[in-house]
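Structural overview
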Amino acid sequence: MQFKLRNKNLKDIAVLLLALNIIFTFLNNNEYLLLSGFYIFLIPSIGIGIIAICSNKIIKINYGFTCSLILLLLTLFGGIQAGVHLSTGVLYSFVLIFLEACELFILDIDEHDIDFLLNSVKYSSLIFAVLMFITRVDYWGGGWRYSVQLGNGPIIDPNYLGTVFSSGLAISIYLMFKNKDVSRIRNFNLLTGLICLICIFFSGSRGAMLASAFSGMFSVIHIIHGKIRTKKEIIRNIFLFAIIFLTICFVITHLPKNVFKRLFVLSYQDGSNFRRIFLWKNAFGEIKKHVLLGVGCIEEIVSIGTPAHNSFLRLWLDLGGIGLISLLVMIIKPTFLMIRKKNYILLGILTQNIITAFIMGCTFLLNFWILIIMICLLAGMKTESDYLQKVIKIKERV
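Below: a short report on this structure. Small disclaimer: the values here were computed from a predicted structure and weren't measured. (Residues numbered from 1 in each chain as written. Predicted model: local features only at pLDDT ≥ 70, side-chain atom pairs only at ≥ 80, totals over all residues. Heavy atoms only, no water.)

1. Overview of the overall build of the protein chain
Scanning the protein chain for helices and strands turns up 15 helices and two strands. Within the protein chain, buried positions represent 54% of all 398 residues. Looking at the protein chain alone, contacts between residues at least 24 apart form 75% of all its contacts between residues at least 6 apart. Carbon and sulfur atoms provide 68% of the accessible area of the protein chain, an area that totals close to 19400 Å². (Helix = DSSP H or I, 4+ residues; strand = E, 2+ residues; numbered from the N terminus. Buried < 20%, exposed > 50% of the residue type's maximum accessible area, 1.4 Å probe, protein only. Contact = heavy atoms within 4.5 Å. Areas by Shrake-Rupley, 256 points an atom, 1.4 Å probe, with all protein chains shown as cover.)

What follows is the structure in structure tokens.
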């Protein structure tokens, strides 16, 4: 008996391995969850994906693939440009991320695969939530910012944990509305969303709170814009908002006062705000010297001291203005498509991703790029819901 792997089998294996790399992000031995700390599943996923692409006779080239390929070529050039200052971690991370992006854009990825990968991001955030409640690592002292530490490894920066939880919350909301007629799946995603929301508060990450607020706002717009036709739907949405409101009230009453003292401090004198502005200002100073092609794959710039704490500035710094434009195209085009389709839930996920990337910097966080890629694919995809909406409109006209 012979078993022959077809193109679809190879694609499914590649997607499964990528999902496993996302789920097991907690094994990444890195304070900032940088990809360079963990790609045990990602490398074979890319290898199998390349085989699947080579076995496919027809390859569709789209804007996502073009932008990813440009970023990949800029990375290779940046590796050469860096010379003796080359950071292999930055180089490998960029190469793997953009190779994976190229593959996902030209593989025959369907809506089921996208949901599978989005669920893997959600499960990754749930694992971190469990670890946070088990370890309860006090990050700053005073018992108001909690983080995760495995064994004697580094303590994960709560801001990056907040990013993971914020992504998990946004995806839970999306999957909850998508499966609103399947009570088991809807209720499970409601539960996972509430867990992520609680963890965001306990991480003390203001950026994650702000990003989640925008995600929630787009969810409200989605409900208001959608035509609620039945009494059952009205009651269900009221019940949903009541649960979320009561959860937020309960969590807020159990948070230390220090959380709120810092939450509403937006002045320049605040420590983290001052540091961000300082880093952004110095990053711009370096960018002026290397506007088009950047400085290359270097871990630290002497005049900055640390990474720019902003994914857009970091990409501009490393891969130049061409690299930044490529990322912006991957964000702006699906934004217009989602506005035209009135898909406010996906728009909320994208907005959440952009805010966390701008405030915290998620350049080497795999979840950030996966969400960008999945949204690009979903925005241009003819999903079942699109066809159902067309059928409804046709029936209404008739």
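Don't stop here, the text continues.
2. Some thoughts on the pattern of salt bridges
Applying the stated rule across the entire model yields seven salt bridges. For Lys11, the salt bridge identified is with Asp110, shortest N-O distance 3.9 Å. Placement of the pair is Lys11 in helix H1 (residues 7–23) and Asp110 in the loop between helix H4 (88–106) and helix H5 (111–135), with a sequence separation of 99 residues. One salt bridge connects Asp115 with Lys178, and the closest N-O pair in it is separated by 2.4 Å. Separated by 63 residues along the polypeptide, Asp115 in helix H5 and Lys178 in helix H6 (residues 158–178) bring together distant segments of the chain. What makes Lys178 partly exposed here is its relative accessible area of 31%. Counted as one network, the salt bridges with shared partners bring together Lys11, Asp12, Asp110 and Asp113. (Salt bridge = Lys/Arg side-chain N within 4 Å of Asp/Glu carboxyl O.)

3. A short note on empty space enclosed by the protein
Rolling a probe over the atoms, with the probe sized like a water molecule, indicates the empty space that remains. Summed over all chains, the structure comprises three cavities of 30 Å³ or more. By volume, the largest cavity is sized at about 70 Å³. Around the largest cavity, the lining residues are Asn21, Thr25, Asn28, Leu33, Leu34, Leu35, Phe38, Phe364, Leu365, Leu366 and Asn367. Tallied by class, residues from the lining of the largest cavity come to seven nonpolar, four polar and no charged. (1 Å grid on protein atoms, 1.4 Å probe; cavity = no way out; pocket = protein on both sides within 12 Å on 5 of 7 lines; lining within 4 Å. Points joined across faces, edges and corners; volume = space filled by probe spheres on them. Nonpolar A, V, L, I, M, F, W, Y, C, P; charged D, E, K, R; others polar.)

4. Description of the environment of Leu194
Within the secondary structure, Leu194 sits in helix H7 (residues 183–203). Here Leu194 falls in the buried class, since its relative accessible area comes to 13%. Separated by 49 residues in sequence, Leu194 and Ile243 have C-alpha atoms that sit 9.0 Å apart.

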